[in-house]
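Coordinate analysis (summary)
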Amino acid sequence: MKPAIYVEGLTKRFQVPRSRGGLKGAFRDLFNREYNEVAAVKEIQFTIPRGEICGYIGENGAGKSTTIKMLTGILVPTSGIVEVNGYVPYKEREKFVQGIGVVFGQRSQLWWDIGVIESFQLLRKVYRVSAEDYKQRLDELVERLQLQDLLNRPVRKLSLGQRMRCELAASLIHNPAIVFLDEPTIGLDIVVKTEIREFLKSMNQRYETTILLTTHDLQDIEALCSRVIMLDDGRIIYDGNLEQLKTTWGKGKEIVLHLNTPVPIERFEELTQGLEARWSKDNDYAVRAWLPLEKANVSAILARVVSAVDIKDIQIHEPNTDDIVREIYKTGSAEAPQPVLSPTEASNLVPEGEKVNV
């Protein structure tokens, strides 16, 4: 079986006008425009099998939207191979669009001044969906996305959250095999975001719909995606499992203990000997234990400490995806970072007689 999306050596370059300064330069630009060539996407390649939900992430200007536009046939690639659902998007447009759905968070495919249901009916004709299939699909979408009270309202009178639910329904009227979601939860409150995430998960499980999701909200990625592709300056710097990314880049788990009575830090070190916990002291009533991610046996640490120390409160901090991605973009590479050293290990790297602060 062919993959849902196949991309090899995909490149897109744009000719950007270059302005010359001053009145004379502006006059020359009228008759002899000069251009700079900018590569937005640079020889990327990936394959997405059918039924997968894949996150496609990157900073502003990394090339995410340009990639989506090539995958949906809006832009023609400068070079490379792209196949979506067995079609070359920009060559076989009429057949190709029958099998895809697209939601752009900041653009609408609904008609602004007419009722939502009328937009759906127009899209039914555009996609040539039979009346029977349309009714069955519409009834399901209305129920799942809770659109009953919105169908007869003009789109311009909907809130952002209401409109995004209608946009999702519009993109799925023809039951596409592949759905492209570009910032589908942008600007939405947490309740609506959660509803949309749950709907997308259930749709994927029921119909094995392939979903390519671009977003700046990494909670969308964590909630939906088993795989993430990370783009930086037009190139893919990571393609793999989200959990593997956390394991490779996560700096470990941290336990914060708030105490009822002061306890020397040496006491915690004694209690957790052999568990590789690294203790530090915030003040007399707060201590922290840092654990390497691959050996983060939180339950073993707490089992030893709770029975011996009077504890008021416990906090456990997991690796944060936002922080991990931010750190990767700082380095410009998703290769495994250097291991984090304990204060003792760092001190051992310094020649004798030299002082180091850690």
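Residues numbered from 1 in each chain as written. Predicted model: local features only at pLDDT ≥ 70, side-chain atom pairs only at ≥ 80, totals over all residues. Heavy atoms only, no water.

1. Observations concerning empty space enclosed by the protein
Rolled over the atoms, a probe sized like a water molecule indicates the empty space that remains. The following threshold applies: Definitions used for this entry: grid spacing 1 Å over protein atoms alone; cavity, a set of points where a 1.4 Å probe fits but cannot get out; pocket, an open set with protein on both sides within 12 Å along at least 5 of 7 lines; lining residue, one with an atom within 4 Å of a point. Grid points are joined across faces, edges and corners, and a volume is the space filled by probe spheres set on the points. Only DSSP runs of H or I covering at least 4 residues are called helices, and only runs of E covering at least 2 are called strands; the numbering of each starts at the N terminus.
Under the definition given, this model contains one cavity of 30 Å³ or more. Each pocket or cavity is described by its volume, and for the largest cavity that value is around 60 Å³. Looking at the largest cavity, the residues that line it are R137, E140, L141, R144, F199, S202, M203, R206 and Y207. Mapped by element, the contributors of at least two residues to the lining of the largest cavity are helix 5 (131-145) and helix 7 (190-207).

2. Side note on the sheet that holds strand 8 (residues 227-232)
Within a beta sheet, neighbouring strands are joined by backbone hydrogen bonds and run either parallel or antiparallel to one another. Test applied: Strands were regarded as paired on the criterion that DSSP finds at least two bridges between them. Where helices are involved, their axes are fitted lines through C-alpha atoms of the stretch in contact, as for all axes, and angles between N-to-C directions lie from 0 to 180°. We call two residues in contact when some of their heavy atoms are within 4.5 Å.
Taking strand neighbours across the sheet as the criterion, the six strands line up as 5-6-7-3-8-9 in an open arrangement whose pairing is mixed. Of all the strands in the sheet, just strand 5 (100-104) and strand 9 (235-241) have a single pairing partner and so form its edges. Going across the sheet, the axis of each strand differs from the next one's by a mean of 15 degrees, ignoring polarity. Note that strand 8 and strand 9 share six bridges and pair antiparallel. Paired with R227 across the strands is N241, a residue of strand 9. Relative to the sheet, helix 9 (residues 242-249) contacts strand 8 and strand 9, its axis offset from that of strand 9 by approximately 105 degrees.

3. Describing the sheet that holds strand 10 (residues 253-259)
Spatially, 11-12-10-13 is the arrangement adopted by the four strands of the open sheet, whose pairing is antiparallel. In this open sheet, the two edge strands, each paired with only one partner strand, are strand 11 (278-283) and strand 13 (311-317). Across the sheet, the mean angle separating the axes of adjacent strands is 20 degrees when strand polarity is ignored. Sheet topology note: the strand 10/strand 13 ladder contains six bridges and is antiparallel. The residue bridging V256 from the neighbouring strand is Q315, located in strand 13.

4. Side note on a nonpolar patch on the surface
Short version of the rule: The patches described consist of residues with a relative accessible area above 30% and no salt bridge, like charges being joined within 9 Å and nonpolar side chains (Val, Leu, Ile, Met, Phe, Trp, Tyr) within 5 Å. In this description, accessible areas are obtained by the Shrake-Rupley approach with a 1.4 Å probe, and a residue is regarded as covered only by the protein chains that are shown. Salt-bridge detection follows one rule: a side-chain nitrogen of Lys or Arg within 4 Å of a carboxyl oxygen of Asp or Glu. Accessibility here uses a 1.4 Å probe with only protein chains present; expressed as a share of the type maximum, an area under 20% marks a residue as buried, one over 50% as exposed, and anything in between as partly exposed.
Together, F14, V16 and V38 make up a nonpolar patch on the protein surface, roughly 210 Å² of accessible area in all. Structurally, F14 is set in strand 1 (residues 5-18). Take F14: its relative accessible area is 30%, and that puts it in the partly exposed class.

5. Some remarks on the environment of E34
Counting through the fold element by element, E34 comes out in strand 2 (residues 34-48). With relative accessibility at 25%, the residue E34 sits in the partly exposed group. Counting along the chain gives 16 residues from E34 to R18, while the straight-line C-alpha distance between them is 5.5 Å. With residues up to four places along the chain from it excluded, the contact list for E34 reads V16, P17, R18 and R20.

6. Focus on the packing of aromatic side chains
Let me state the cut-off plainly: Pairing of aromatic rings covers Phe, Tyr and Trp, the last through its six-membered ring, and needs centres within 6.5 Å; plane angles under 30 degrees mean stacked, over 60 mean edge-to-face, and all others mean tilted. The criterion for a charge sitting over a ring is simple: Lys NZ or Arg CZ within 6 Å of the ring centre, and within 35 degrees of the ring normal.
Taken as a whole and assessed by the stated rule, the structure comprises two aromatic pairs. Plain terms: the ring middles of F46 and Y56 are 5.9 Å apart, the flat faces sit at 50 degrees to each other, and that makes the pair tilted. Of this pair, F46 sits in strand 2 while Y56 sits in strand 3 (residues 53-58), placing them ten residues apart in sequence. Taken individually, F46 and Y56 each receive the classification buried, so the pair is uniform in this respect. Sitting above the plane of the F14 ring, K12 keeps its charged end 5.3 Å from the centroid.

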